[in-house]
Protein chains: 2
Amino acid sequence: MSVTAAGGFVAAGGAVGIKPGGAADLAVVATADGRAVPAAGVFTDNLAAAAAVRVSQAHLGATGGRAAAVVLSSGNANAATGRAGQDAVEALCRCVAGEMGTAPEEVLACQTGLIGVPFPIDAVVPRVPAVVAARAAGEAAGVAAASAIMTTDTVRKEAVARATGIGGARCTVGGMAKGAAMLAPNMATMLAVLTTDAAADPATLQRVLAAAVGPSFNAMTVDGCTSTNDTVLLLASGAAGPIPEAVLAGAVGEVCASLSEQMAADAEGATKLVHIRVTGAASDGEAHRAARKVADSLLVKCSLNGEDPYWGRVVSELGSAGVAFDLDRVTVRYGGVAVCARGVAAVHDAVAVAAHMKGRTIELACDLGMGDGNGAVTTTDLGHGYLDENRTTS
Amino acid sequence: MSVTAAGGFVAAGGAVGIKPGGAADLAVVATADGRAVPAAGVFTDNLAAAAAVRVSQAHLGATGGRAAAVVLSSGNANAATGRAGQDAVEALCRCVAGEMGTAPEEVLACQTGLIGVPFPIDAVVPRVPAVVAARAAGEAAGVAAASAIMTTDTVRKEAVARATGIGGARCTVGGMAKGAAMLAPNMATMLAVLTTDAAADPATLQRVLAAAVGPSFNAMTVDGCTSTNDTVLLLASGAAGPIPEAVLAGAVGEVCASLSEQMAADAEGATKLVHIRVTGAASDGEAHRAARKVADSLLVKCSLNGEDPYWGRVVSELGSAGVAFDLDRVTVRYGGVAVCARGVAAVHDAVAVAAHMKGRTIELACDLGMGDGNGAVTTTDLGHGYLDENRTTS
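Residues numbered from 1 in each chain as written. Chains lettered and ligands numbered in written order. Predicted model: local features only at pLDDT ≥ 70, side-chain atom pairs only at ≥ 80, totals over all residues. Heavy atoms only, no water.

The next thing to look at is the sheet that holds strand β3 (residues 37-43) of chain A. Residue and element names in this part refer to chain A. Ordered in space as β4-β3-β10-β9-β8-β7, the six strands form an open sheet in which the pairing is mixed. Pairing within the sheet leaves two strands with one partner each, and these edge strands are β4 (66-67) and β7 (157-164). Of the strands in this sheet, β7, β8 (170-178), β9 (191-199) and β10 (231-242) touch helix α7 (residues 245-265), which is tilted by about 160 degrees from β7. (Pairing = 2+ DSSP bridges. Helix = DSSP H or I, 4+ residues; strand = E, 2+ residues; numbered from the N terminus. Contact = heavy atoms within 4.5 Å. Axes fitted to C-alpha atoms, helices over the stretch in contact; angles between N-to-C directions.)

So, on to the environment of L234(B). Residues and elements named next belong to chain B. Mapped onto the secondary structure, L234 falls in strand β10 (residues 231-242). Overall, the relative accessible area of 0% leaves L234 in the buried class. The spacing of L234 and G41 is 193 residues in sequence and 6.3 Å in space, taken between C-alpha atoms. Aside from chain neighbours lying at most four places away, what touches L234 is P38, A39, A40, L194, T195, T196, L205, L209 and V252. (Buried < 20%, exposed > 50% of the residue type's maximum accessible area, 1.4 Å probe, protein only.)

Attention shifts here to unusual backbone geometry. Residues and elements named next belong to chain B. Of note in the backbone geometry, A80 takes a positive phi value of approximately 55 degrees without being a glycine. Along the chain, A80 turns up in the loop between β5 (69-74) and α2 (82-100). A residue is classified by how much of its surface remains accessible, and A80, at 5% relative accessible area, is buried. With a phi close to 55 degrees, E307 is a non-glycine residue in the positive phi region. The topology assignment puts E307 in the loop between α9 (298-305) and α10 (311-319).

Residues and elements named next belong to chain B. For V377, the position within the fold is in strand β16 (residues 373-380). As a C-alpha pair, V377 and E317 span 60 residues in sequence and 14 Å in three-dimensional space. Those residues in contact with V377 that lie beyond four places of it in its chain are A219, T221, V274, H275, I276, H288, A291, R292 and A295.

This part takes up the relation of the copies chain A and chain B. In this arrangement, two copies of a chain are superimposed by a rotation about an axis accompanied by a shift along the axis. In screw terms, the move from chain A to chain B is a rotation of 180 degrees and a rise of 0.0 Å along the axis, fitting with an RMSD of 0.0 Å. With respect to symmetry, the two chain copies, as superposed, fit the operation of a two-fold axis. Residues of chain A ranked by C-alpha distance from the rotation axis are headed by H384(A), positioned 3.1 Å from it. Mapped onto chain B, 100% of the interface residues of chain A are again interface residues, and the two copies thus contact each other with one and the same surface. (Least-squares fit on C-alpha atoms with pLDDT ≥ 70 in both.)

Written as structure tokens, this is what we have:
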């Protein structure tokens, strides 16, 4: 169970003709009673943001942070599609709202797929009501929704966390997601929808969601590309009553961390899941920036693919990350074994390092020796599969 | 002829045992009479800069911008090698200076190769004098030097430009280079040495060189990595007498442009040479930043390799480049044909675009419609060959 795990939510997934061949390409997550509930969103900061991003932001603004449903479609990003693209999303929202008996502004939208291709709204609209009408509670409905947003994903991404406060108050947070950064060839974007039965106001939800996205989705980079469509949404039904914010934050953070880890693990063409940790930076911000510089390095990614613990490329990236840096203080470890200490090659157990590099998960830790700043980023290697997947869109 | 084209310079290349198998790995460029002449340098801004970079900067500082020779070695970057690495470069400079009868501070150094490997200075020193002693004027000597700095380069990179001022004053500028960004597996870095017979003071040379590096070496990106060893040097013998600064600048610019284009064209694993031009940015700086963001995009590089004119990835990169941007004003052209106009797909001659994409050189032009800022970057596609070259250092 994912988005239907928390009380008060229903879901559905089906085909509306965006993808060829009748594949599932539309999902709906909605409140069981059709009423709008507090909602929050974190969106791409790409200035070429897709129509769905702009419409969802506008709708959350118009309602003061409330939503009754989220409609998600795959197979067309509906980005760089101008005014017609915007109109298409509004039409999609009206269509869902009409079936549910709610206001169009209370429907949020997420889309993923190719950029710059007109969205076939006229063909899609007649088929949407049947999918929405099939919405239901329970595990099967959650699976149907999570399946309908898959594109080149090889597995569904779902997560559930339950938390209990000191006084015994409980809440459930469920979520589903697709993609991994702008990884896939035809279907860009990472999308995630989370639901909870906790009672919380929109401002609290926004705070909790923004805090959870930082160390999870925003700490994952596959190719360094910021999609036009990236969206993370959180809706709260209130069915389980109020819960301390810290408890809710813990559960939301857990779900976001699980979903982002699942995305990186499913990154196409990748053979390694890599955790890059930077400690000893001048600040947490600098640690994060340095970790991301290493993670996004083509040369480091190639070395990881080749299982080569070539730390020279790592220190070179750290040195050009734009953070406080003194090579003489740098330590680099693979799997806990220091291969570079005080900026020069360290005598080490090469057999242990080689064994670690052969594993599916690689731990790369860098200590800058400059301060107390810590940061971590999850990434992947760069393999031939990535190139094959991304060479052409056809 | 390259570094020996300008009067007053000699060169040599040979093997001193850094590379295995007796391959040429040491080059020297020196003044014919052994006297120090005005010199200037532009160096990597990587804070993990190699020993040779630090030593060359210190020597230029100590002499007030004068040098009698440049010693270049390939096969070991001598970066992240600590105090011992620094001592090794100083020893190399002393060795060259001793053979030439000049001061060690009047010798500059450039090195390229693997990072983090101790430099075998004790084995190298005894073999340096013979190479230095073989220095000579003329084309063969220039070729020997340019060959000795090749690593995974498939061709030598040399260029010569001649310029004449209004009053008839003439000057020659010659240069040699190796590498292309941090492209190669074992041998990182781009190095370039330019010589001229113009008479110019160090400050003028520094101004001219810095201005030339901007639109050439700094406008080329293969993998976005800033090497620990990148160095461009310019020495002026004065043999041809004074020349207006603008005339010298033109010739230096021409040589830098030619060498950088040769590097990009020889980038390993690349099948395309790509000129990315951004116009209509809010400023030249923003245009350059946007062009570089597109050039360094893994997804754009993959599309270029696949000969796919997928402009959606281009606008997505432009939108996340951190520059003033309004999707509704954006035009994207491949080979002069607009595939995106006003931020949406443009009706275009798909056959003409497909033919352009199949060529060795691709012209990708983006107009942001925001102002008068222009910028250009030369890059390559990302192919399987790059991965194969860079997976392991062994």
